[in-house]
Amino acid sequence: MAKRGAQLDSENFSCSICLDLLKDPVAVPCGHSYCSNCIKGHWDQQDDRGFYSCPQCRKRFRQRPDLEKNFLLAELAEDLKKTELQAAAVDLCSAGPEDVSCDVCSGRKLKAVKSCLVCLVSYCEEHLQPHHQSAAFKKHQLVEPSKKLQEKMCSLHDEVMKIFCFTDQQSICYLCTMDQHRGHETVPAAAERRQKQKELEESRLNIQQRIQEREKNMELLQQQMEAINVSADEARSQMIHLIQKRTGEVKQLLRSQQQTAVSRLKELQKKLQQEISELKRKDVQLEQLAHTEDHTQFLISYPSVSALSEPTHSYSILTAPVRYFEDVAAAVSESRDKLEDIPRETEEELFLPQPETRTEFLQYSKQITLDPNSAHRRLILCDGNRKVSFILENQLLSDHPERFTGCVQVLSRESLTGRCYWEVEWRGREGVYVAVTYKNISRAGWGSKCGFGFNDKSWALCCYSDSFIFWHNNTPTPLSGPRSSRVGVYLDHTAGILSFYSISGTMTLLHRVQTAFTQPLHAGVWLHPDDGDSAEFLKPQ
């Protein structure tokens, strides 16, 4: 069986989802096999799509198929794994270009495990055995493998340099003390090492203390920056709330004053109308009296008809200057003067209308670059870290706390606040997630804590070849709109607005979110494990 496994190609027994050797292989009804956890995770993401598909042949199933373990594949994969481990063990013992090779081995050199400072020879595990077994080598000093054994030899006398010359500050052999270094102050190299070791430890302690101090200062600076950001956001929110509240109060006050003033004027208007009617009636009586031909009757009626009553109201208001609401106008003027002192950026965020045309969106264009420290090992960045592509093999990247280890994702280097707009060109068969997220999203493993759109820390637009789906907090929202390989994203952090657009000649709104962002955001993308899938953050023009 082992012989048969050695003749097999490991690629034929790899899972097309995780690209590693099959683990607990199961078969799908269409005949393809996957790791049990991989295909279950793939179908978990399709629970809300109404069908389940095979990642390789794309065959669709209306109901989630039952999975049967593939015992033959499991046995073959296990044999292949054992064979590869045996071959790797042999390769691991062989000396490479950067390794120290055994000086005793003939033919294929093995890695040295120790170097002897007495023999000045490096040994592999096998050839080192005499040093462990024979009393003749008991006093030999074994150290970690070194390529610099010859540097320990005196070039003049071909002796090991075990003495340190204080006068010339260099290592010498015992013959040098009787030749070029006669009369110089010398000590055994081991004694000088102990002194220098003590000085080294003091230097390290000093360095570590300085590192701690600077790290503490870094933390304080970070806390100050976060406090500034929080204070600025609170100030903006308070200002908006205060303006809205005071606007309502002032409107109510003006409405009340207006009603009171108008009511008084209407009452006066009514009394004036009554007096006008009375005066017109008196004028008619006087006109009739003027045309009376009977002199006696005229004289009798004249005293009562000609008498006029005194006006009961002053009408000086009709000629006085209109000065209503001067106090309100003065207060508004004073508030306007104070608002003009607020920085222009804050004023724009509070009062400018939201953009509507693509030209207006481009005024807030943000060039996005991706952070290599956050990129999954199967993502490769290029074009100035603006483009990300999926590759089949893990890259040899250093461990980093910011790196995604399970989900094939990457974050932007820039944090996003205020108003920002960017566009993403994507290519892929399985779909690409264009997202924004808080920086403190989980980085380790799979699951809803790390996947864009599957938690309350991220918002994502999943772009398929035939549809769009918006995800947030593990809740999908199917969307309609023109299909396009370019997506525009607009963020107004202060107003709590996040919008996604389809860009295909025209700019079509796909989905808008209205919420309250509590932290700066980062742009991100999530690529499915399909060779050649990519996403590029463009320079909008």
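Use the structure listed above.
Below is a summary of the structure that appears in this document. The residue numbering used here restarts from 1 in each chain and proceeds along that chain's sequence as written. Note on the predicted model: pLDDT of at least 70 is required for a residue's local features to be given, and 80 or more for side-chain atom pairs to be given and counted; whole-chain, interface and lining totals, by contrast, use all residues. The side-chain values count all of the structure's non-hydrogen atoms but skip hydrogen atoms and water molecules.

## What about the overall build of the protein chain?
Turning to step 1, where the next piece is worked out: A run of H or I in DSSP counts as a helix once it spans at least four residues, and a run of E counts as a strand once it spans at least two, with each numbered from the N terminus. Across its full length, the protein chain carries nine helices and 24 strands.
Turning to step 2, where the next piece is worked out: Only protein chains enter the accessibility calculation, which uses a 1.4 Å probe; a residue is then buried when its area is under 20% of its type maximum, exposed when over 50%, and partly exposed in between. The buried share among the 541 residues of the protein chain stands at 32%.
Turning to step 3, where the next piece is worked out: The contact criterion used is simple: two residues touch if any of their non-hydrogen atoms lie within 4.5 Å. Excluding contacts between residues fewer than 6 apart, the proportion of contacts in the protein chain whose partners are at least 24 apart in sequence is 54%.
Turning to step 4, where the next piece is worked out: All accessible-area figures derive from a Shrake-Rupley calculation using a 1.4 Å probe, and residue coverage is judged against the displayed protein chains alone. Carbon and sulfur atoms form 52% of the exposed surface of the protein chain, whose accessible area is close to 34100 Å².

## Topic: the environment of Ala74
Turning to step 1, where the next piece is worked out: Along the chain, Ala74 falls in helix 3 (residues 71-93).
Turning to step 2, where the next piece is worked out: Along the backbone, Ala74 and Lys23 are 51 residues apart, and their C-alpha atoms lie at a distance of 7.4 Å.

## Quick look at the nonpolar core
Turning to step 1, where the next piece is worked out: Counting residues in hydrophobic clusters, the biggest one holds 53 residues, and the most contacted among them are Val388, Trp422, Trp459 and Leu498.
Turning to step 2, where the next piece is worked out: With six residues, strand 16 (residues 432-438) is the single largest residue contributor to this core.
Turning to step 3, where the next piece is worked out: Among residues more than four places away in sequence, those in contact with Trp422 are Lys366, Ile368, Leu416, Val436, Val487, Gly488, Val489, Leu491, Ala523 and Phe537.
Turning to step 4, where the next piece is worked out: Think of a nonpolar core as a cluster: buried Ala, Val, Leu, Ile, Met, Phe, Trp, Tyr and Cys residues, connected wherever their side-chain atoms sit within 4.5 Å. Grouped together as the second largest cluster of nonpolar side chains are 20 residues, Leu21, Val26, Val28 and Cys38 included.

## Some details on the sheet that holds strand 24 (residues 534-537)
Turning to step 1, where the next piece is worked out: One open sheet accounts for seven strands, arranged 12-13-24-15-20-21-22; its pairing is antiparallel. Because the sheet does not close on itself, it has two edges, and the strands there are strand 12 (379-382) and strand 22 (506-514). Adjacent strand axes in the sheet meet at a mean angle of 20°, parallel and antiparallel pairs treated alike.
Turning to step 2, where the next piece is worked out: A pair of strands is considered paired only if DSSP assigns at least 2 bridges between the two. Of the pairings in the sheet, the one linking strand 15 (residues 419-427) to strand 20 (residues 486-492) comprises seven bridges and is antiparallel in character. Across the sheet, the residue bridging to Trp422 is Val489, located in strand 20. For helices, the fitted axis covers only the stretch in contact; all axes are lines through C-alpha atoms, and the angles between them, taken along N-to-C directions, range from 0 to 180 degrees.

## Description of helix 2 (residues 36-44)
Turning to step 1, where the next piece is worked out: Within helix 2 the residues assigned to the buried category are Ser36, Cys38, Ile39, His42 and Trp43.
Turning to step 2, where the next piece is worked out: Looking at the packing, one finds that the buried side of helix 2 touches strand 1 (25-27), strand 2 (33-35) and strand 3 (52-53).

## Details of the pattern of salt bridges
Side chains that differ in charge, positive against negative, can pair when their charged atoms come close.
Turning to step 1, where the next piece is worked out: We count a salt bridge whenever a side-chain nitrogen from Lys or Arg sits within 4 Å of a carboxyl oxygen from Asp or Glu. Taken as a whole and assessed by the stated rule, the structure comprises 15 salt bridges.
Turning to step 2, where the next piece is worked out: Note that Glu192 and Lys196 form a salt bridge whose closest N and O atoms lie 2.2 Å from each other. Of this pair, Glu192 and Lys196 both sit in helix 5 (residues 189-290), separated by four residues, roughly a single helical turn.
Turning to step 3, where the next piece is worked out: By relative accessible area, which is 37% here, Lys196 ends up partly exposed.
Turning to step 4, where the next piece is worked out: Notably, a salt bridge pairs Arg386 with Glu536, separated by 3.7 Å at the nearest N-O pair. Of this pair, Arg386 sits in the loop between strand 12 and strand 13 (387-390) while Glu536 sits in strand 24; the two residues are 150 residues apart in sequence, bridging distant segments of the chain.

## Considerations on the environment of Ser467
Turning to step 1, where the next piece is worked out: By the element assignment, Ser467 lies in the loop between strand 17 (458-463) and strand 18 (468-472).
Turning to step 2, where the next piece is worked out: Taking the C-alpha atoms as reference points, Ser467 and Leu479, twelve residues apart in sequence, are found 7.2 Å from one another.

## A look at empty space enclosed by the protein
Turning to step 1, where the next piece is worked out: Site definitions follow a grid-based scheme: protein atoms alone, a 1 Å grid, a 1.4 Å probe that fits but cannot get out for cavities, and for pockets an open set with protein on both sides within 12 Å along at least five of seven lines, plus lining residues having an atom within 4 Å of a point. Grid points are joined across faces, edges and corners, and a volume is the space filled by probe spheres set on the points. Per the counting criterion, the structure on display carries one cavity of 30 Å³ or more.
Turning to step 2, where the next piece is worked out: Approximately 60 Å³ is the volume found for the largest cavity.
Turning to step 3, where the next piece is worked out: Along its surface, the largest cavity is lined by His42, Gln45, Gln46, Arg49, Glu430, Tyr433, Tyr464 and His528.
Turning to step 4, where the next piece is worked out: When residues are grouped by polarity, Ala, Val, Leu, Ile, Met, Phe, Trp, Tyr, Cys and Pro land in nonpolar, Asp, Glu, Lys and Arg in charged, and all others, Gly among them, in polar. Residues of the lining of the largest cavity, tallied by class, amount to two nonpolar, four polar and two charged.
Turning to step 5, where the next piece is worked out: What fixes the domain bounds is an automatic or database domain assignment. Here the lining of the largest cavity spans two domains, since at least three of its residues come from each of domain 1 (13-92) and domain 2 (358-537).

## Re unusual backbone geometry
Turning to step 1, where the next piece is worked out: Even without being glycine, Gln169 reaches a positive phi, approximately 55°.
Turning to step 2, where the next piece is worked out: With respect to the helices and strands, the residue Gln169 is situated in the loop between strand 9 (163-165) and strand 10 (170-172).
Turning to step 3, where the next piece is worked out: Phi is positive for Asp383, which is not a glycine, with a value near 55°.
Turning to step 4, where the next piece is worked out: On the secondary structure map, Asp383 appears in the loop between strand 12 and strand 13.

## Observations regarding the packing of aromatic side chains
Turning to step 1, where the next piece is worked out: The aromatic pairing rule takes the rings of Phe, Tyr and Trp, using the six-membered ring of Trp, and pairs them if the centres are within 6.5 Å, calling planes under 30 degrees apart stacked, those over 60 edge-to-face and the rest tilted. For the structure on display, the rule yields 14 aromatic pairs.
Turning to step 2, where the next piece is worked out: Look at Phe361 and Tyr490: their rings are 5.1 Å apart centre to centre, the planes differ by 80°, and that puts the pair in the edge-to-face class. Taken together, the positions of Phe361 in helix 9 (residues 358-362) and Tyr490 in strand 20 put the pair 129 residues apart, joining distant regions of the chain.
Turning to step 3, where the next piece is worked out: Assessed through its relative accessible area of 2%, Tyr490 is described here as buried.
Turning to step 4, where the next piece is worked out: Ring pairs connect the aromatic residues Phe361, Tyr364, Tyr421, Tyr490 and Tyr501, which therefore count as one cluster.
Turning to step 5, where the next piece is worked out: The rule is short: NZ of Lys or CZ of Arg within 6 Å of the ring centre and within 35 degrees of the ring normal puts a charge over the ring. Directly above the aromatic system of Phe404 lies the positively charged group of Arg443, at a separation of 5.0 Å from the ring centroid.

## What to know about a nonpolar patch on the surface
Turning to step 1, where the next piece is worked out: Surface patches are defined over residues having more than 30% relative accessible area and no salt bridge, joining like charges when they lie within 9 Å and nonpolar side chains (Val, Leu, Ile, Met, Phe, Trp, Tyr) when within 5 Å. A cluster of nonpolar side chains, namely Met218, Leu221 and Met225, defines an oily patch on the protein surface of about 320 Å² accessible area.
Turning to step 2, where the next piece is worked out: In this structure, Leu221 sits in helix 5.
Turning to step 3, where the next piece is worked out: Overall, the relative accessible area of 46% leaves Leu221 in the partly exposed class.

## Brief notes about the side chain of Lys282
Turning to step 1, where the next piece is worked out: When you line up the elements, Lys282 lands in helix 5.
Turning to step 2, where the next piece is worked out: Setting aside chain neighbours within four positions, we find Lys282 in contact with Ser304, Val305, Ala307 and Leu308.

## A few points about the side chain of Arg443
Turning to step 1, where the next piece is worked out: Locating Arg443 in the fold gives a position in the loop between strand 16 and strand 17.
Turning to step 2, where the next piece is worked out: On the basis of relative accessibility, which here comes to 9%, the residue Arg443 falls in the buried class.
Turning to step 3, where the next piece is worked out: Distance and chemistry together define a polar contact, namely a pair of N or O atoms within 3.5 Å, with one atom able to donate a hydrogen and the other to accept it when in protein, and with adjacent residues in sequence counting only for side-chain atoms on both sides. Of note is the side chain of Arg443, whose polar atom sits 2.4 Å from the backbone oxygen of Glu402.
Turning to step 4, where the next piece is worked out: At a separation of 3.1 Å, a polar atom in the side chain of Arg443 contacts the main-chain carbonyl oxygen of Ile441.
Turning to step 5, where the next piece is worked out: Setting aside residues up to four positions removed in sequence, Arg443 forms contacts with Ser374, Pro401, Glu402, Arg403, Phe404, Thr405, Gly406 and Leu411.

## Quick notes on the pairing of strand 22
Turning to step 1, where the next piece is worked out: Direction of pairing for strand 21 (residues 497-504) relative to strand 22: antiparallel, over a ladder of eight bridges. Looking across to strand 22, one finds that Leu498 is bridged to Val513.
Turning to step 2, where the next piece is worked out: Connecting strand 21 to the next strand, strand 22, in antiparallel fashion are one residue, including Gly505 with a positive phi near 80°.

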